[in-house]
Amino acid sequence: MFDLEHEQSLSLVRLLPRLEAGLDARDQAAFVPRFTQHFPALFRLLLEVYGQNYDFFYHLEQMTDLLVSAFKSRPQTLRQLDDQRLVNPHWYQRGAMLGYVLYVDLFNGTLDGVREKIPYLKQLGVTYLHLMPLFKAPESNSDGGYAISDFRTVNPALGTMAGLRVLADDLRAEGISLVLDFVFNHTSDEHDWALKALEGDKRHQKFYFMFPDRTLPDQYQTNLREIFPQQAPGAFTHVPKLDKWVWTTFNTFQWDLNYANPDLFCAMLGEMLFLANQGVEVMRLDAVAFIWKQMGTSCENLPQVHGIIQAYNLCAKIAAPALLFKSEAIVHPDDVVKYISEGESPISYNPTYMALLWEAAATRDVSLLRYAMERRFVLPQGCTWVNYIRCHDDIGWSFADEDARMLGIQGFSHRQFLNEFYTSAFAGSYARGLRFNYNPINQDMRICGSAASLGGLESGLMAANAEWIEAAVNRIVLLHGVMLAAGGIPLLYSGDEIAMLNDYSFSDDPHKAGDERWVHRAKFDWSRLEEAQRRPTTPHGQVFSRLLRLIQLRAQDSAFDGGETRFFDSGNQNVLSFARRNEVVILANFSDHPQTLGWLALRGVWGMPNSASDIISGEILDTVSPIHLLPWGMLWVRAD
Ligand code: OTU
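Residues numbered from 1 in each chain as written. Predicted model: local features only at pLDDT ≥ 70, side-chain atom pairs only at ≥ 80, totals over all residues. Heavy atoms only, no water.

**Thoughts on the side chain of S453**
Then, in step 1: Its location among the elements puts S453 in helix α19 (residues 451-454).
Then, in step 2: Taking the relative accessible area as the measure of exposure, S453 reaches 0% and is therefore buried.
Then, in step 3: In terms of polar contacts, S453 uses its side chain to reach the side chain of E458, at 2.5 Å.
Then, in step 4: Every residue in contact with S453, bar those within four places of it in the chain, is listed here: Y430, A431, R432, E458, L501 and N502. (Helix = DSSP H or I, 4+ residues; strand = E, 2+ residues; numbered from the N terminus. Buried < 20%, exposed > 50% of the residue type's maximum accessible area, 1.4 Å probe, protein only. Polar contact = N/O pair within 3.5 Å; in protein donor to acceptor, adjacent residues only side chain to side chain. Contact = heavy atoms within 4.5 Å.)

This is the structure:
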């Protein structure tokens, strides 16, 4: 009989001398208690995930040595941060949090270029800076950096690892946390591990999934979703040099890593802790849903994925406790939440809110958005959404068909409508977007485009139609406003603050032409910013100044600190309504017409207020007559 507790304490006893041998007395005092605290849970998880495949002598020793050496080389400043975070573990729930995500080269050339712009980020109110993948990657197509050739080398065109550390320190000194991707589902086919595998090295071949022929790939493939059906159909790539089929969920040059191999688990743990020690405070777990495969399943969101992330989380709690995980699971909403817990990913993208905001903007009807958020917005204690409107990726309509059905909406045809609307195939649509990876078999596709172009500014400016431009500006501000007001960490996509439009020039670059996501990955337009700051009445200037105001209001107001966001039915299907801590009610009109709302609609929050004001405009609201909302207008109402 296997006695878990007994095995666990035996292992601990066996491992402790390694800690004592590897660390001096001072380091032991910090490290040993954390190790002994978290080891039992870690042991249990590894046993659950790996069972018989785990060599509880060899692999545990390997892992322990990694943890010890990572802690040993952890810089003093980061150890101080560890201590601060342990005292204040929910630092990321404060209302002044604001995320910003950028490509280093597109934003300002290099890492030093980003450093130069710290004052601008401060002016915006940024506290969380996500730099898109900046590591060594294939020079041709690298999937925007998501095909990594070396986790320990910065792409020389952008800077150096030493430069990254300096940037991390400088950001931290200004109250900005550095966020990087942990692209751990795959490496590029130019990564050292892949090169060794190509040379025939068996150990490294086992880091990946390799098949001698199509027999197993064909069996797996029947249950797999096509991620890039146009640019990289199928999930397996034939590698001539090996005459083997390699698992490649994404592009052909992105080789999936095999986490069923505990050796690989350790190898990636080493990379993760290395990055944490460079000053990365938050790691975005890229493509997390895909890291475990099992025949006969969709190979997404399998239970072992959670076991592995929880195990990595415990490793971080031991060696680099300031490190925080953010999950990137753009999947069915029921699966999205499974990644979110304090022991796994305390923060997560909120793809359902994102997609349904665009859905409501197209339909001018907030019913589905409200229905889904009433049921799906509340997270466990200590966990927080990263709310966003746009990011570097496409928009997928990943709402739950079950939610739609409850409102009499048929998922498939609704998605068809949304796709037509956002690719301007629908007559009268204001949106200018591109289709992404159309799949002729199930007619699925996703949407690319910048917030401003999807929100109607491009079509308005092209037509020089003042009315359309005004509506678009209001719409873009409204979408950002409900993102900012919903609590959690709002994440601005660089360029959206100045309403940058689609950039179609990607089609001239052979390395980008096949991937429409580049349409919304434009070079940051500094002259546009300068103009927006100088002339706040232009469309771009209005978006910038109004967003800045909303950001500042939010940061100063305790109504947006931690706590709950409660969506409720305003009785008007054009108006999205939610309350922050029963202090502020957000009302957002998703329609082209003015709307009125009786105060009774808010009785669930306050009863009937004596007096109220809109904190955005600062105006006193008349509590006797109905509330009036302009087309695409928004109020942040506080009542007494
Ligand atoms: C992520 O996204 C990244 O955000 C993408 O930029 C990368 O191309 C990709 O991983 C590979 O590293 O397919 O279209 O269902 O949708 O993880 C975006 C989840 C993606 C996937 C998501 C993936």
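That shown, we press on.
**A look at the site of the ligand**
Then, in step 1: Every one of the 19 residues lining the ligand counts as a neighbour, but D143, D286, E328, D393 and D394 are closest to it.
Then, in step 2: In the environment of the ligand, an oxygen atom lies 2.8 Å from a nitrogen or oxygen atom belonging to the side chain of E328.
Then, in step 3: Within the contact set of the ligand, an oxygen atom lies 3.0 Å away from a side-chain nitrogen or oxygen of R446.
Then, in step 4: Protein chains bury 97% of the 490 Å² of accessible surface belonging to the ligand in isolation.
Then, in step 5: Partitioning the shell around the ligand into residue classes produces 7 nonpolar, 3 polar and 9 charged. (Near = heavy atom within 4 Å. Areas by Shrake-Rupley, 256 points an atom, 1.4 Å probe, with all protein chains shown as cover. Nonpolar A, V, L, I, M, F, W, Y, C, P; charged D, E, K, R; others polar.)

**Looking at helix α15 (residues 351-363)**
Then, in step 1: With 13 residues, α15 extends 18 Å between its outermost C-alpha atoms, agreeing within 8% with the 18 Å of an ideal straight helix rising 1.5 Å per residue.
Then, in step 2: Among the 13 residues that make up α15, 12 are buried, leaving the element largely enclosed by the rest of the structure.
Then, in step 3: Among all positions of α15, only P351, T352, Y353, M354, A355, L356, L357, W358, E359, A360, A361 and A362 are buried.
Then, in step 4: Just beyond α15, the residue with positive phi is R364, at close to 60°. (Expected span 1.5 Å × (residues − 1).)

**Brief notes about the domain arrangement of the protein chain**
Then, in step 1: The domain boundaries assigned to the protein chain delineate domain 1 (186-256) and domain 2 (565-639).
Then, in step 2: Placing the centre of domain 1 and that of domain 2 at their C-alpha centroids yields a distance of 53 Å. (Domains from an automatic or database assignment.)

**What about the sheet that holds strand β7 (residues 210-211)?**
Then, in step 1: An order of β7-β9-β8 is seen for the 3 strands of this open sheet, with the pairing classed as antiparallel. Bordering the open sheet on either side are β7 and β8 (236-239), each of which pairs with just one other strand.
Then, in step 2: Pairing of β7 with strand β9 (residues 244-247), which is carried by 2 bridges, proceeds in the antiparallel orientation. Within β9, the position partnered with F211 by the bridge is W245. (Pairing = 2+ DSSP bridges.)

**Thoughts on unusual backbone geometry**
Both trends apply: most residues other than glycine have a negative phi, and most peptide bonds are in trans.
Then, in step 1: Even without glycine at this site, D143 takes up a positive phi of about 50°.
Then, in step 2: With respect to the element layout, D143 can be found in the loop between β3 (135-136) and β4 (150-154).

**Brief notes about the packing of aromatic side chains**
Then, in step 1: Inspection of every chain in the model, using the stated rule, returns 49 aromatic pairs.
Then, in step 2: Each ring, one from F211 and one from Y220, has its centre 5.9 Å from the other, and the planes form 55°; the classification is tilted. Residues F211 and Y220 agree in their burial class; the two are buried.
Then, in step 3: Aromatic side chains F560 and W636 sit 5.2 Å apart centroid to centroid with 50° between the ring planes, which places their arrangement in the tilted category. Taken together, the residues F560 in the loop between α23 (539-556) and β18 (565-568) and W636 in strand β25 (residues 634-639) connect sequence positions 76 residues apart. The pair formed by F560 and W636 is uniform in burial state, with each residue classed as buried. (Phe/Tyr/Trp six-rings, centres within 6.5 Å; stacked < 30°, edge-to-face > 60°.)

**Observations concerning the pattern of salt bridges**
Any two side chains of opposite charge can pair, given that their charged atoms come close.
Then, in step 1: Inspection of the entire model under this criterion finds 38 salt bridges.
Then, in step 2: Of the charged contacts, one joins R115 and D112 as a salt bridge, the two residues approaching to 3.5 Å between their closest N and O atoms. Of the two residues, R115 and D112 both sit in helix α6 (residues 111-116), 3 residues apart, roughly one turn of that helix.
Then, in step 3: Salt bridges sharing partners connect three or more residues here, namely D143, D393, D515, R517 and R521. (Salt bridge = Lys/Arg side-chain N within 4 Å of Asp/Glu carboxyl O.)

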